[in-house]
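Understanding the architecture of this molecule
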Amino acid sequence: MAGEPQGDCLFCKIVQGEVPATLVRATETTLAFRDINPQAPTHVLVIPRLHYPDAASLAAAAPSVAADVLREAGEVAADEKLDGQGYRIVFNTGAGAGQTVFHAHAHVLGGRGLNWPPG
Ligand code: 5GP
Ligand code: ZN
């Protein structure tokens, strides 16, 4: 069922404590943890505790949780002192755009110059 934990999902395993992660923030509805393969000095992933395969399906099914993810992305940026210098929030959606984990997540990237458009 939508939103239920998926046994084969890495980020559901992180939510359930079955896979370790370096947490930086947690709320009732979200977790934020450092990416294992950082692409910038700050690279944090913000996820809903509930399983949805991508950001759009999360927003369609649970809009208040989607808002929580965005708010937490901003809080991460503030905690990491990125809000003055600029940062990027990315939701890769679909394999063709580089999505590899099909549990909705925001990448919060900053701490270096960020080119536009991205690759
Ligand atoms: P995507 O490619 O789906 O947009 O992002 C998935 C992200 O998850 C990648 O940036 C990848 O480095 C990260 N990742 C993959 N496995 C793990 C893990 O076990 N722990 C953490 N913290 N990040 C992971
Ligand atoms: Zn999941």
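Structural notes, computed from the coordinates.

Inspection of the region around ligand 1 gives 15 residues, with Arg-34, Asp-35, Gly-98, Thr-100 and His-107 positioned closest. Arg-34 places a main-chain nitrogen or oxygen 2.9 Å from a nitrogen atom of ligand 1. His-105 is positioned with one of its side-chain polar atoms (N or O) 3.0 Å from an oxygen atom of ligand 1. For ligand 1, whose unbound accessible area comes to 520 Å², protein coverage reaches 83%. Where the shell around ligand 1 is concerned, the elements lending two or more residues are helix H1 (10-15) and strand E2 (30-34).

Right, let's talk about the nonpolar core for a bit. Core analysis: the biggest nonpolar cluster contains 14 residues, and Ala-32, Val-46, Leu-58, Ala-62, Val-69, Val-76 and Val-108 have the highest contact counts within it. Of all elements in the fold, only strand E3 (42-48), helix H3 (63-79) and strand E5 (106-110) reach the threshold of two or more residues within this core. Ranked by residue count, the leading element in this core is H3, at 5 residues. Leave out the neighbours within four places in its chain, and Val-108 touches Thr-42, His-43, Val-44, Val-46, Ala-73, Val-76, Tyr-87 and Arg-88.

On the basis of which strands lie adjacent, the open sheet formed by 5 strands has the order E1-E2-E3-E5-E4 and antiparallel pairing. Among the strands making up the open sheet, the edge pair consists of strand E1 (23-26) and strand E4 (87-90). When the angles between neighbouring strand axes are averaged without regard to direction, this sheet yields 20 degrees. In terms of strand pairing, E2 meets E3 through 5 bridges, oriented antiparallel. Paired with Thr-30 across the two strands is Pro-48, which belongs to E3. Sheet strands touched by H3: E1, E2, E3, E4 and E5. Its angle to E3, the strand with the most contacts, is close to 160 degrees.

About the criteria used
- Residues numbered from 1 in each chain as written.
- Chains lettered and ligands numbered in written order.
- Predicted model: local features only at pLDDT ≥ 70, side-chain atom pairs only at ≥ 80, totals over all residues.
- Heavy atoms only, no water.
- Near = heavy atom within 4 Å.
- Polar contact = N/O pair within 3.5 Å; in protein donor to acceptor, adjacent residues only side chain to side chain.
- Areas by Shrake-Rupley, 256 points an atom, 1.4 Å probe, with all protein chains shown as cover.
- Helix = DSSP H or I, 4+ residues; strand = E, 2+ residues; numbered from the N terminus.
- Core = buried A, V, L, I, M, F, W, Y, C linked by side-chain atoms within 4.5 Å.
- Buried < 20%, exposed > 50% of the residue type's maximum accessible area, 1.4 Å probe, protein only.
- Contact = heavy atoms within 4.5 Å.
- Pairing = 2+ DSSP bridges.
- Axes fitted to C-alpha atoms, helices over the stretch in contact; angles between N-to-C directions.

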